[in-house]
Amino acid sequence: TGTTGNLRTYNYQSGSGVLLYNQDYCACVRAERTTCSICYHSAITEFKLSVPNGIAAIGALGFDTVCGVKGVGATYANGGASDFITIPNGQCSSPPTTIATTVTVDRYCGTAFNCAQTTAIAGTPANTVCTNSKPFRVCVNSDNAEYAFPAAAGEGTLANNRGYKLSYFQQTTCQGDA
């Protein structure tokens, strides 16, 4: 597959398609012989996987502890978090001296693709997620309730249900190695 490339959800159609419902599949990237980690990144306009309960601030976060969990508390009673991708042990791309500022997250949803970090990492885009976990893969999960919460900023708008395009690059260095 190469050291760089792109992954897209089915029916993405350069951002003009729609996220297909009831999907559960993985896209794998063959690790090159000398690589230890892979990093994924996406432009803000190229990641649209629903908005949990129509709450724009959560959708813009890009990751959440309830991605894929239906009806957790009153905040998520109307769903919208059941469309997500998984990147096993995803973390911010960071030099070894700043590894303590990253948080490992597996699930990503909403209208932005971001890594979880406790403090900003200088010079590192927040929308780059890396992992050492092999095989390298991104798994897609979508529910059967597309357009169930049609608020203006909600999960129910077509603009928030396009799918994604992720670009990737493989690295010879492992995340967290000194």
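Residues numbered from 1 in each chain as written. Predicted model: local features only at pLDDT ≥ 70, side-chain atom pairs only at ≥ 80, totals over all residues. Heavy atoms only, no water.

*Asks:* Just checking my understanding: could you explain the side chain of Gln-171 for this structure?
*Replies:* Among the secondary structure elements, Gln-171 is positioned in strand S11 (residues 163-171). Overall, the relative accessible area of 18% leaves Gln-171 in the buried class. Excluding anything up to four places from it in sequence, Gln-171 contacts Thr-35, Cys-36, Ser-37, Cys-39 and Cys-130. (Helix = DSSP H or I, 4+ residues; strand = E, 2+ residues; numbered from the N terminus. Buried < 20%, exposed > 50% of the residue type's maximum accessible area, 1.4 Å probe, protein only. Contact = heavy atoms within 4.5 Å.)

*Asks:* What should I look at first to understand the pairing of strand S3 (residues 37-41) in this one?
*Replies:* Looking along a regular strand, one sees side chains alternate from face to face of the sheet. For S3, the buried fraction is high: 4 of the 5 residues fall into the buried class. Here S3 runs beside S11; their pairing, made up of 5 bridges, is antiparallel. Looking across to S11, one finds that Cys-39 is bridged to Phe-169. The pairing of S3 with strand S9 (residues 128-131) spans 4 bridges and is classified as antiparallel. Bridge pairing in S9 places Ile-38 opposite Thr-131. (Pairing = 2+ DSSP bridges.)

*Asks:* Can you help me understand the packing of aromatic side chains in this one?
*Replies:* Between two aromatic rings, the relevant description is the distance of the centres plus the angle of the planes. Inspection of the entire model under this criterion finds 4 aromatic pairs. These aromatic residues form a ring-pair network of at least three members: Phe-47, Tyr-108, Phe-113 and Tyr-164. (Phe/Tyr/Trp six-rings, centres within 6.5 Å; stacked < 30°, edge-to-face > 60°.)

*Asks:* Just checking my understanding: could you explain empty space enclosed by the protein for this structure?
*Replies:* The rolling of a water-molecule-sized probe over the atoms marks out the regions of remaining empty space. Enumeration according to the criterion identifies 1 cavity of 30 Å³ or more in this entry. A volume near 30 Å³ is recorded for the largest cavity. Thr-9, Tyr-10, Leu-19, Leu-20, Gln-23, Tyr-25 and Val-140 are the residues that line the largest cavity. Considering only residue class, the lining of the largest cavity consists of 5 nonpolar, 2 polar and no charged. (1 Å grid on protein atoms, 1.4 Å probe; cavity = no way out; pocket = protein on both sides within 12 Å on 5 of 7 lines; lining within 4 Å. Points joined across faces, edges and corners; volume = space filled by probe spheres on them. Nonpolar A, V, L, I, M, F, W, Y, C, P; charged D, E, K, R; others polar.)

*Asks:* Just to check I follow, could you spell out the pattern of salt bridges for this structure?
*Replies:* Opposite charge on two side chains makes pairing possible when the charged atoms of those side chains draw close. All told, the structure shown has 2 salt bridges when counted by the stated rule. Among the salt bridges present, the one from Glu-32 reaches Arg-30, with a minimum N-O distance of 3.3 Å. One salt bridge connects Lys-165 with Glu-46, and the closest N-O pair in it is separated by 3.9 Å. Of this pair, Lys-165 sits in strand S11 while Glu-46 sits in the loop between S3 and strand S4 (47-48); the two residues are 119 residues apart in sequence, bridging distant segments of the chain. (Salt bridge = Lys/Arg side-chain N within 4 Å of Asp/Glu carboxyl O.)

*Asks:* What should I look at first to understand the environment of Cys-139 in this one?
*Replies:* Relative to the assigned elements, Cys-139 resides in strand S10 (residues 136-141). Residue class for Cys-139 comes out buried when judged on its relative accessible area of 9%. For the pair Cys-139 and Asp-24, spaced 115 residues apart in sequence, the C-alpha to C-alpha distance is 7.2 Å. Beyond its immediate stretch of four places on either side in the chain, Cys-139 contacts Tyr-25, Cys-26, Phe-84, Ile-85 and Thr-86.

*Asks:* Please explain the nonpolar core as it appears in this structure.
*Replies:* Considering soluble globular proteins, one finds that nonpolar side chains tend to be buried as a cluster. Counting 23 residues, the largest nonpolar core has Tyr-40, Ile-85, Phe-113 and Tyr-164 as its most contacted members. Looking at this core, the elements that each hand over two or more residues are strand S2 (24-29), S3, strand S5 (84-92), strand S7 (105-108), S10 and S11. (Core = buried A, V, L, I, M, F, W, Y, C linked by side-chain atoms within 4.5 Å.)

None of this, on its own, says anything about what the molecule does.
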